[in-house]
Amino acid sequence: ARLPPHDRPTSSADRVSRHRRSAQVDGMPRTRLSSPPEDGITCVNFAPTSNALLVSSWDSSLRIYDADLDLVRGRFSAGAPALCCAFLDDSKALCGGLDGKLRLFDVATSSALELGSHDAAVRALGCNEDLKLVVTGSWDRTVKTWDTRSGTNGVAAASVEMPGKVYSLSVRESVVVAASASQAVWVFDLRNMSEPVARRQSSLKYQTRCIALSPDAMSFALGSIEGRVAVEYVSDDPAMQGKKYSFKCHRSGDVIFPVNAVAFHPLFGTFATGGCDGGVSIWDGANKRRIIGLKNFPTSIASLAFNQDGTLLAIASSYTFEQGEIEHPPDEIYVHKLLPTEVKPKQRLARKSSAG
């Protein structure tokens, strides 16, 4: 059931005033969205062709914000704490719950449909809009595929057992990468999900927190609890595998913070990472350099997402309990307006010839 909208401005003048008041936060071109979730934020994702922002949280809700006007356009009951979310298309939203359920919400009609379930929490999901296929990863150690075109009747189109709990996955075109316990990273072809096309071990030594495919689906980045990010390649070609590398990040002196989130810019192939240090950095993976570090946020970064044209970056500032039950800042969602210099890779200058 859809819950009633809340805390909406009552007039266009209110909306404009509200938007202007939040246009600068801590001297940066970012908006702090009103009416954030009431418990920990788990995931943020933009719609495919608009600046509608989908947000899931531990308060068992799924919210849709208008990121341009700072409005809550819709709020749905997820039935249980919602651990992940994504848009199937601009009119349909998905979420995976702690109760193991995968739910599909029709934004226009407010209707909800249970597509299927796992035996434990659905921790990660991704989808292919053209094929209308959804992929879920669960703490029950499985990756499942759901075909929304024909109706699932609760039955997965494919199910594969992973080596351990699935912590993160990513879908681009026909490529799927899934990261599980024991540092396993498996690569799948979405057109045949019966078994992986490659079984890999992450080059990182400790638990993976996040994984994301690049826009061309040729490489992926993954972050771990050890304050380190790896850039790896989908192809098994030895020349491509020889290019993979990792680097340290989200550290302060001797203190190491987990990397909770990674997201690729849709146009330039650069990527952003967020960690438990409350920091967000944008990286030029091709040139192995950091482009910019955004001013630190109040608490851990739980999730990141670029919009469809890469002009906005949604940032979930939400304590992820890495230090247990302690007093912490309230959960917030920021939308950072990006400058080209913050996301474009810097071209390398050609070396001058020593001849002549």
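Above this text you will find the structure in question.
Quick caveat, the model's predicted, so the values are computed rather than measured.

Chemist: Talk me through the sheet that holds strand β15 (residues 166-172); I want residue IDs and the actual numbers.
Modeler: Strand order in the open sheet made by the 4 strands is β15-β16-β17-β18, with antiparallel pairing throughout. Edge positions in the sheet fall to β15 and β18 (198-201), since each of these pairs with one other strand and no more. For this sheet, the mean inter-axis angle between neighbouring strands, taken without regard to orientation, is 20 degrees. In terms of strand pairing, strand β16 (residues 175-180) meets strand β17 (residues 184-189) through 6 bridges, oriented antiparallel. Pairing of V177 across the sheet is with V187, part of β17.

Chemist: Could you give an account of the sheet that holds strand β28 (residues 289-294), naming the residues involved and the relevant values?
Modeler: Remark on secondary structure: sheet strands pair via backbone hydrogen bonds, oriented parallel or antiparallel. The strand order across the open sheet formed by 4 strands is β25-β26-β27-β28, and the pairing between neighbours is antiparallel. The two strands at the open ends of the sheet, each matched to only one other strand, are β25 (259-264) and β28. Adjacent strand axes in the sheet meet at a mean angle of 25 degrees, parallel and antiparallel pairs treated alike.

Chemist: Please provide a residue-by-residue account of unusual backbone geometry, values included.
Modeler: It is generally the case that most residues other than glycine have a negative phi and that most peptide bonds are trans. Of note in this structure, E173 is not a glycine but carries a positive phi near 50 degrees. On the secondary structure map, E173 appears in the loop between β15 and β16. On the basis of relative accessibility, which here comes to 54%, the residue E173 falls in the exposed class. Phi is positive for H250, which is not a glycine, with a value near 50 degrees. In this structure, H250 sits in the loop between β22 (245-248) and β23 (251-252).

Chemist: Go over the side chain of S168 with me, naming the residues and quoting the values.
Modeler: Along the chain, S168 falls in strand β15. Residue classification places S168 among the buried positions, given a relative accessible area of 9%. A distance of 3.1 Å separates a polar atom in the side chain of S168 from the backbone nitrogen of I211. Residues within four places of S168 in sequence aside, it is in contact with A124, V177, A178, A179, R209, C210 and I211.

The rules behind the values
Residues numbered from 1 in each chain as written. Predicted model: local features only at pLDDT ≥ 70, side-chain atom pairs only at ≥ 80, totals over all residues. Heavy atoms only, no water. Pairing = 2+ DSSP bridges. Helix = DSSP H or I, 4+ residues; strand = E, 2+ residues; numbered from the N terminus. Axes fitted to C-alpha atoms, helices over the stretch in contact; angles between N-to-C directions. Buried < 20%, exposed > 50% of the residue type's maximum accessible area, 1.4 Å probe, protein only. Polar contact = N/O pair within 3.5 Å; in protein donor to acceptor, adjacent residues only side chain to side chain. Contact = heavy atoms within 4.5 Å.

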